[in-house]
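Breakdown of the fold
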There are 2 protein chains.
Amino acid sequence: MADPYVVGIDLGGSHVNAAVVDVTGNVAGQAESPIDRTRPPRDLLREDVARVVLDAMTVAGVERRAVRGVGMGLPGNIDRRRGVCRFSPNFRWHDVEVARPLEEALDLSVFLLNDVRSHTLGEMQFGAGRGVRSLAMLALGTGIGGGLVVNGRLIEGAHSAGGELGHITVDPLGPRCGCGNRGCVEALASGPAIVRAVAELAEVGGATGILALAGSLEAVTPAHVTQAARDGDVDALSILSEAGRWLGVAIATVLTAIDPERVLIGGGVGQAGELLLVPARREVARRCRMIRASETPIVAAQLGQEAGVLGAAALALESVGLLPGLLDASHTA
Amino acid sequence: MADPYVVGIDLGGSHVNAAVVDVTGNVAGQAESPIDRTRPPRDLLREDVARVVLDAMTVAGVERRAVRGVGMGLPGNIDRRRGVCRFSPNFRWHDVEVARPLEEALDLSVFLLNDVRSHTLGEMQFGAGRGVRSLAMLALGTGIGGGLVVNGRLIEGAHSAGGELGHITVDPLGPRCGCGNRGCVEALASGPAIVRAVAELAEVGGATGILALAGSLEAVTPAHVTQAARDGDVDALSILSEAGRWLGVAIATVLTAIDPERVLIGGGVGQAGELLLVPARREVARRCRMIRASETPIVAAQLGQEAGVLGAAALALESVGLLPGLLDASHTA
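Everything numeric in this text was worked out from a predicted model, so none of it was measured.

**Section: the interface of chain B and chain A**
Across the boundary between the two partners, chain B contributes 52 residues, which contact 52 residues of chain A. Here chain B and chain A share 0 salt bridges between them. Linking chain B to chain A there are 22 residue pairs in polar contact (both at pLDDT 80 or more). Elements with a contribution of two residues or more to the side of chain B that touches chain A: strand 6 (84-88), strand 10 (144-150), strand 11 (153-154), helix 8 (234-257) and helix 9 (274-287) of chain B. Among the elements that line the side of chain B that touches chain A, the one with the most residues is helix 8 of chain B, at 5 residues. Class assignment for the residues of the side of chain B that touches chain A results in 20 nonpolar, 15 polar and 17 charged.

**Some words on the sheet that holds strand 5 (residues 77-79) of chain A**
Residue and element names in this part refer to chain A. Spatially, 5-6-7 is the arrangement adopted by the 3 strands of the open sheet, whose pairing is antiparallel. Here the strands that pair on one side only, and so sit at the sheet edges, are strand 5 and strand 7 (93-97). Ignoring which end each strand starts from, the neighbouring axes of this sheet average 15° apart. Here strand 6 (residues 84-88) pairs with strand 7 via 4 bridges, running antiparallel. By the bridge assignment, Val 84 is partnered in strand 7 with Glu 97.

**Some thoughts on the relation of the copies chain B and chain A**
When chain B is fitted to chain A, the best match, at an RMSD of 0.0 Å, comes from turning it 180° and sliding it 0.0 Å along the axis. Both copies are brought into coincidence by an operation consistent with a two-fold rotation axis. When you check the interface residues of chain B against chain A, 100% turn up at the interface there too, and the contact is symmetric in its surfaces.

**Comments concerning the pattern of salt bridges**
Residue and element names in this part refer to chain A. If you walk through the whole model with that rule in mind, you get 32 salt bridges over all chains. Where Glu 104 meets Arg 46, a salt bridge forms, and the shortest distance between an N and an O atom there is 2.8 Å. A residue pair is termed long-range when its members are at least 10 positions apart, and Glu 104 in helix 2 (residues 99-106) and Arg 46 in helix 1 (residues 41-60) qualify at 58 residues. With a relative accessible area of 44%, Glu 104 lands in the partly exposed category. Take Arg 46: its relative accessible area is 34%, and that puts it in the partly exposed class. By sharing partners, the salt bridges in this structure join Arg 245, Glu 283, Arg 286 and Arg 287 into a single network.

**Quick word on the nonpolar core**
Ile 251 of chain A together with Ile 251 of chain B are the most contacted members of the largest nonpolar core, which totals 92 residues. The residues touching Ile 251 of chain B, leaving out its near neighbours within four places in the chain, are Leu 138, Val 263, Ile 265, Ala 280, Val 284 and Ile 298 of chain B.

**Overview of the pairing of strand 3 (residues 27-34) of chain A**
Residue and element names in this part refer to chain A. Across 7 bridges, the pairing between strand 2 (residues 15-22) and strand 3 is antiparallel. Paired with Val 21 across the strands is Val 27, a residue of strand 3. Turn length for the strand 2-strand 3 hairpin, with the two strands adjacent in sequence and antiparallel, is 4 residues, and the turn residue Gly 25 shows positive phi of about 90°.

**A short note on helix 1 of chain A**
All names here are of chain A. Spanning 20 residues, helix 1 covers 27 Å between terminal C-alpha atoms, matching the ideal 28 Å at 1.5 Å per step. Helix geometry: helix 1 is bent most strongly at Ala 50, by close to 30°. Listed in full, the buried residues belonging to helix 1 are Leu 44, Leu 45, Asp 48, Val 49, Ala 50, Val 52, Val 53, Ala 56, Met 57 and Ala 60. Tucked into the core, helix 1 has its buried residues touching strand 1 (5-11), strand 2, strand 3, strand 4 (67-74), strand 7 and helix 2. Phi turns positive, to about 70°, at Gly 61, one or two residues after helix 1.

**A closer look at the packing of helix 8 (residues 234-257) of chain A against helix 9 (residues 274-287) of chain A**
Residues and elements named next belong to chain A. Interhelical geometry of helix 8 versus helix 9 gives an angle of 45° and a closest axis separation of 7 Å. Classified by the angle between their axes, helix 8 and helix 9 sit oblique to one another. The interaxial crossing formed by helix 8 with helix 9 has right-handed handedness. Contact residues: helix 8 offers Leu 237, Leu 240, Ser 241, Ala 243, Gly 244, Arg 245, Leu 247, Gly 248, Val 249, Ile 251, Ala 252 and Leu 255, while helix 9 offers Leu 275, Leu 276, Pro 279, Ala 280, Glu 283, Val 284, Arg 286 and Arg 287. Here the contact of helix 8 with helix 9 is built from residues that sort into 13 nonpolar, 3 polar and 4 charged.

**A closer look at helix 3 (residues 115-126) of chain B**
Residues and elements named next belong to chain B. With 12 residues, helix 3 should cover 16 Å at 1.5 Å per step; its first-to-last C-alpha distance of 16 Å lies within 8% of that length. When you tally the buried positions in helix 3, you get 11 out of 12 residues, the bulk of the element. If you check which residues of helix 3 are buried, you get Asp 115, Val 116, Arg 117, Ser 118, His 119, Thr 120, Leu 121, Gly 122, Glu 123, Met 124 and Phe 126. Its side-chain oxygen 2.9 Å from the backbone nitrogen of Val 116, Asn 114 forms the N-cap of helix 3.

**Let's talk about the sheet that holds strand 10 of chain B**
Residues and elements named next belong to chain B. Across the sheet, which stays open at both edges, the 5 strands sit in the order 11-10-9-12-13 with mixed pairing between neighbours. Each edge of the sheet is formed by a strand with only one pairing partner; in this case those strands are strand 11 and strand 13 (298-300). Where strand 9 (residues 135-140) lies against strand 10, 6 bridges are found, and the strand directions are antiparallel. Opposite Leu 135, over in strand 10, you have Val 149 as the bridge partner. In the packing of helix 3 onto the sheet, contacts are made with strand 9, strand 10, strand 11 and strand 12 (263-266), and the angle to strand 10 comes to roughly 50°.

**Quick look at the domain arrangement of chain A**
Residue and element names in this part refer to chain A. If you check the domain split of chain A, you get domain 1 (5-121 + 306-331) and domain 2 (132-301). With centres defined by C-alpha atoms, the gap from domain 1 to domain 2 works out at 27 Å. Opposite the 18 residues of domain 1 that make contact, domain 2 presents 18 residues. Across the interface of domain 1 and domain 2, roughly 1300 Å² is buried in total on both sides, 48% from carbon and sulfur atoms. Taken as a group, Val 116, Arg 117 and Thr 120 account for 46% of the area that domain 1 buries against domain 2, more than any other trio of residues on that side. Summed over the shared surface of domain 1 and domain 2, the number is 3 salt bridges. Glu 164 is paired through a salt bridge with Arg 117; the nearest N and O atoms lie 3.5 Å apart. The dominant element in the side of domain 1 that touches domain 2, judged by the number of residues it contributes, is helix 3 (residues 115-126), at 5 residues.

About the criteria used
Residues numbered from 1 in each chain as written. Chains lettered and ligands numbered in written order. Predicted model: local features only at pLDDT ≥ 70, side-chain atom pairs only at ≥ 80, totals over all residues. Heavy atoms only, no water. Contact = heavy atoms within 4.5 Å. Salt bridge = Lys/Arg side-chain N within 4 Å of Asp/Glu carboxyl O. Polar contact = N/O pair within 3.5 Å; in protein donor to acceptor, adjacent residues only side chain to side chain. Helix = DSSP H or I, 4+ residues; strand = E, 2+ residues; numbered from the N terminus. Nonpolar A, V, L, I, M, F, W, Y, C, P; charged D, E, K, R; others polar. Pairing = 2+ DSSP bridges. Axes fitted to C-alpha atoms, helices over the stretch in contact; angles between N-to-C directions. Least-squares fit on C-alpha atoms with pLDDT ≥ 70 in both. Buried < 20%, exposed > 50% of the residue type's maximum accessible area, 1.4 Å probe, protein only. Core = buried A, V, L, I, M, F, W, Y, C linked by side-chain atoms within 4.5 Å. Expected span 1.5 Å × (residues − 1). Bend = angle between axes of the 7 residues up to and from the residue. Parallel < 35°, antiparallel > 145°, perpendicular 65-115°, else oblique. Left-handed = near helix turned anticlockwise from the far one by under 90°. Domains from an automatic or database assignment. Buried area = accessible area lost by both parts, 1.4 Å probe.

Here it is in structure tokens:
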């Protein structure tokens with residue numbers, strides 16, 4: 001009998017990626033396509049997403065009968081049990097049925113999860129979270145997503161919001177966050193927050209090194225800030241250091257409330273690595289004194305660009321019983 | 001065969017309480033004694049604590065052979081698996097063996113847990129947490145203790161610090177907390193924080209209603225502030241409202257990170273009830289917008305003064321298998 005496979009799908013705001021993956025996390029084949037996120041969700045899923053899945057199976061040389069199930073991570077609040085996206089700011093979806101149209105198109109079982117929660121499962125199984133029973137993950141990008149595993153199980157929460165670590169309040173009177181709150185760590189340490197810090201320095205004649213690298217203020221991305229900081233630019237170092245300290249305030253709260261064995265920092269902005277992690281660790285050490293949680297390793301995630309598809313594959317492997325339980329079994333049918 | 005019982009012990013800084021409890025949470029008999037917390041721990045446990053346990057059994061008319069085990073809650077960082085108190089500021093204990101001396105004196109199995117984590121188990125089983133699989137508890141007193149249950153299991157944490165919700169940072173530049181951090185919710189909403197707020201008003205000629213009730217500034221307790229607020233004293237209402245709002249910032253972070261089904265507020269200071277809970281709920285509603293966690297009930301705990309012994313009894317019942325698993329089974333022997 002052929003080795004069993006699953007397909008992991010990473011549905012983002014501009015692209016969809018799919019990979020055919022085996023139980024050890026090896027990618028047998030992969031496909032990708034730009035998408036138009038304004039298409040009606042049913043068409044997007046049955047046509048664009050399904051086609052990329054079939055392409056990935058072709059590339060992998062794996063037939064559908066060897067595929068046991070499909071996992072998909074997507075941004076937003078996902079009702080895993082109903083296969084519904086309750087709310088996704090990215091896609092402007094409200095209560096959209098997601099699993100069923102894809103199941104009909106593929107004739108395979110489809111399992112959904114919030115993208116960063118799914119990354120967290122992927123890191124647990126194939127990445128920087130191997131060998132632990134509890135883990136906090138923060139993925140820094142356009143927003144800050146999160147995931148938490150405790151007692152060997154993902155925290156899903158009563159409203160599928162468990163693990164939304166980006167919306168921890170770190171500064172009660174801080175800047176307005178996209179969610180409506182003030183001073184969420186997302187409003188202080190995400191990509192847009194870093195770019196805004198550049199703009200604030202540029203207004204007073206600073207950030208010249210970063211602007212020179214990017215060409216113009218409008219073109220600045222967090223990657224430019226990281227590059228400038230690696231070249232020793234003091235403004236860039238200072239911006240990343242401040243973002244890292246806010247990240248540290250949030251991590252200190254996670255360590256205090258949850259006390260996981262390990263904290264992983266991923267996402268595109270997380271590529272700044274030690275430039276963010278050193279100030280974050282310092283802030284954690286200052287704030288977590290009584291409890292020994294400040295000994296907890298705070299390290300970079302490992303799956304990088306493959307986090308999306310590998311996380312979704314881990315979800316599928318777990319859901320079809322090819323991996324031991326990582327989700328809360330009591331809620332599954 | 002006689003009904004099975006357990007003994008729940010609440011070891012506090014000035015008193016020890018013990019109760020003989022059955023599987024439904026009924027107290028068959030209870031005893032209490034003041035203690036000298038500066039006694040050598042071994043003597044305190046083998047003599048004072050053991051005597052109160054035997055007294056409770058006598059009062060209950062329950063013989064030792066009907067007692068299946070003993071649970072004890074005590075303040076501090078407790079290594080449940082080794083039966084050791086790693087650190088208790090209250091008792092000034094560091095790495096003190098607690099379970100064994102008591103087991104030797106009683107010839108019964110003794111199970112330990114941090115006091116508020118044990119309250120959380122008690123509320124789950126016998127109080128305001130019945131019927132849910134996830135729960136956050138904050139106990140407001142001299143400090144702010146906490147406990148978290150997720151996926152039906154208590155979060156214990158990698159360093160037994162899981163659930164230390166009192167040390168969530170709610171104001172990064174706020175007042176110094178006993179733990180060494182700044183702006184912990186404990187530093188802004190505990191009993192001492194409320195009394196300090198009275199002193200700050202008294203310095204500028206305010207808080208006269210509270211001072212009149214208490215007799216003097218030195219005599220003020222949180223209960224006086226609650227009493228004055230119930231009588232309509234504006235200073236007292238304002239102090240509790242501010243404490244409640246800080247509590248709300250911490251709860252908003254708990255809802256965001258964990259998304260439990262219910263939040264319970266207990267402890268002596270929690271007796272202020274709606275005077276704290278209304279402003280806390282408002283703050284949560286302001287801060288948790290995107291996720292529907294702001295619909296989560298935030299309510300008073302139910303066990304009141306019995307929380308200590310009933311929580312410890314729930315721990316014992318769970319540990320000897322008379323209640324379904326509430327602790328992480330993978331770590332128990």
